[in-house]
Amino acid sequence: MNGRLLLDGGAPLLPHMQRVGVDPGAIDAVFLTHFHGDHTLGLPTFVLHRVFVDDRPLTFVGPEGVEERLEALWDVSWGPDWKRVMRPKFKVTYQTATPMGSAAGFDYETIRLDHGSSGSNGYRIKVNGRLLAYSGDTEATAPLDALVEGADVAIVEATGPGDVFSHMSWESAADLKRRHPKTRFMFNHLYSGTLEDAATDLQVIEV
Ligand SMILES: [Zn+2]
């Protein structure tokens with residue numbers, strides 16, 4: 001058992017963790033693919049928990065600028081008390097993702113994916129001997145195939161049907177799955193409706 005991972009942190013993260021019985025204090029590392037609001041705005045309350053309720057150490061892994069971007073978010077969220085009262089209690093490590101790296105005992109590989117003008121970090125993470133691929137937001141371009149290649153489980157976005165700006169279409173998601181038949185896919189980030197292998201909200205799976 002490596003520990004516990006959180007992959008991105010959209011809102012409302014904290015109440016959802018409580019609801020599925022995941023202890024917010026037991027997360028060892030958070031991997032961020034990019035800084036868009038739907039992937040980060042659940043983090044301020046999670047961080048509040050890690051300051052006042054459970055102060056075990058926490059590592060954030062993310063693209064270039066991870067420390068500046070997140071500290072700015074905590075600052076906007078909590079005002080002057082962030083730096084004065086909260087930051088000194090927060091046992092945090094920020095790590096800019098490297099092509100191959102390790103964070104809080106998790107070995108990972110980073111693959112840059114296409115996503116609008118910011119791009120996105122896809123991660124291949126070794127979890128209890130299995131290989132987990134996580135895309136965050138991505139277009140259906142070649143780096144995504146490299147991300148999921150040989151993975152036991154792939155959590156990949158599939159935003160909607162047809163042509164979706166800077167995201168995966170359901171059709172591309174189905175094609176991707178056909179090209180990697182040995183990988184178990186879970187699709188998320190759906191804006192409405194559903195497709196085969198779509199994850200449902202608050203779903204718990206055994207791997
Ligand atoms: Zn995005």
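Once a new chain begins, its residue numbering starts again from 1 and follows that chain's sequence as written. Local features in this predicted model are restricted to residues of pLDDT 70 or higher, and side-chain atom pairs are both shown and tallied only at a pLDDT of 80 or more, whereas totals for entire chains, interfaces and linings draw on every residue. The side-chain numbers reported here are obtained from all heavy atoms of the structure, hydrogens and water having been left aside.

S.K.: Mind showing me how you'd approach the coordination of the zinc ion here?
M.R.: Any two of four tetrahedral donors ideally make an angle of 109.5 degrees at the metal, while pairs among six octahedral donors ideally make 90 or 180 degrees. Ligating atoms shown are N, O and S within 2.8 Å of the metal, or 3.2 Å for Na, K and Ca, and water is not included, meaning a site may look less than complete. Around the zinc ion, the protein supplies His-34 (NE2), His-36 (ND1), His-115 (NE2) and Asp-137 (OD) as donor atoms, at distances of 2.2 to 2.3 Å. Every angle between 85 and 135 degrees makes a four-donor site tetrahedral, while opposite donors more than 155 degrees apart, with all other angles between 65 and 115, make a four-donor site square planar and a six-donor site octahedral; other sites are irregular. Because the angles between the 4 donor atoms bound to the zinc ion fall within 90 to 171 degrees, the donor set is best described as irregular. Mapping the donors of the zinc ion onto the primary sequence yields the spacing H-x1-H-x78-H-x21-D. Of this pair, His-34 sits in the loop between strand 2 (29-31) and helix 2 (37-40) while His-115 sits in the loop between strand 6 (106-113) and strand 7 (120-127), and the two are 81 residues apart along the sequence. Comparing His-34 with His-115 shows no difference in burial state: the two are buried. Numbering of helices and strands runs from the N terminus, with a helix taken as a DSSP run of H or I at least four residues long and a strand as a DSSP run of E at least two residues long. Throughout this description, buried means an accessible area under 20% of the type-specific maximum (1.4 Å probe, protein chains only), exposed means over 50%, and partly exposed covers the range between.

S.K.: Help me understand the domain arrangement of the protein, please; the structure alone is not making it clear to me.
M.R.: Where the parts come together, the accessible area they lose is often given as the size of the interface. In this entry, domain limits derive from an automatic or database-based domain assignment. The domain architecture assigned to the protein consists of domain 1 (1-98) and domain 2 (105-207). Centre-to-centre separation of domain 1 and domain 2, based on C-alpha positions: 22 Å. Note on contacts: a residue pair qualifies if any of its non-hydrogen atoms lie within 4.5 Å across the two residues. Contacts between domain 1 and domain 2 engage 25 residues on the former and 24 residues on the latter. Buried area adds together the accessible area that both of two parts lose upon being put together, with accessible area traced by a 1.4 Å probe. Summing both sides of the interface, domain 1 and domain 2 together bury roughly 1,800 Å²; the carbon and sulfur share of this comes to 62%. The working definition used for a salt bridge is a side-chain nitrogen of Lys or Arg within 4 Å of a carboxyl oxygen of Asp or Glu. Put simply, domain 1 and domain 2 have 0 salt bridges between them. Contributing elements (two or more residues each) for the side of domain 1 that touches domain 2: strand 1 (5-7), helix 1 (13-20), strand 2, helix 2, strand 3 (58-62) and strand 4 (92-96). A per-element tally of the side of domain 1 that touches domain 2 places helix 1 first, with 3 residues. Amino acids are sorted into nonpolar (Ala, Val, Leu, Ile, Met, Phe, Trp, Tyr, Cys and Pro), charged (Asp, Glu, Lys and Arg) and polar (every other residue, Gly among them). For the side of domain 1 that touches domain 2, a count of residues per class yields 10 nonpolar, 11 polar and 4 charged.

S.K.: Explain the pattern of salt bridges here, please?
M.R.: When the charged atoms of two side chains lie near each other, side chains of opposite charge can form a pair. Following the criterion strictly, the structure yields 11 salt bridges and no others. A salt bridge links Lys-91 to Asp-55, with the nearest nitrogen and oxygen atoms 2.8 Å apart. In this pair, Lys-91 sits in the loop between helix 5 (80-86) and strand 4 while Asp-55 sits in the loop between helix 3 (43-52) and strand 3, placing the two residues 36 residues apart along the sequence. Note on Lys-91: relative accessible area 42%, which makes it partly exposed. In this structure Asp-55 comes out as partly exposed when scored by relative accessible area, which is 38%. Between Asp-145 and Arg-179 there is a salt bridge, with the nearest N and O atoms lying 3.0 Å from each other.

S.K.: I'm lost on the pairing of strand 8 (residues 130-134) in this one. Help?
M.R.: Two faces, one strand: in a regular strand the side chains alternate between the faces of the sheet. Burial of strand 8 is extensive: 4 of the 5 residues sit out of reach of the surface. The pairing criterion is simple: DSSP has to find at least two bridges between the two strands. As defined by bridge partners, strand 7 adjoins strand 8 across 5 bridges and the pair is classed as antiparallel. Bridge pairing in strand 8 places Ile-125 opposite Leu-132. Here 3 bridges tie strand 8 to strand 9 (residues 153-157), and the two strands are oriented parallel to one another. Residue pairing for strand 9: Tyr-134 is matched across the bridge by Ile-155. Crossover handedness is defined by viewing with both strands directed away from the observer: a clockwise path from the first strand over the helix to the second marks the crossover as right-handed. Following the backbone out of strand 8, through helix 6 (residues 142-148) and into the adjacent parallel strand 9, one traces a crossover that is right-handed.

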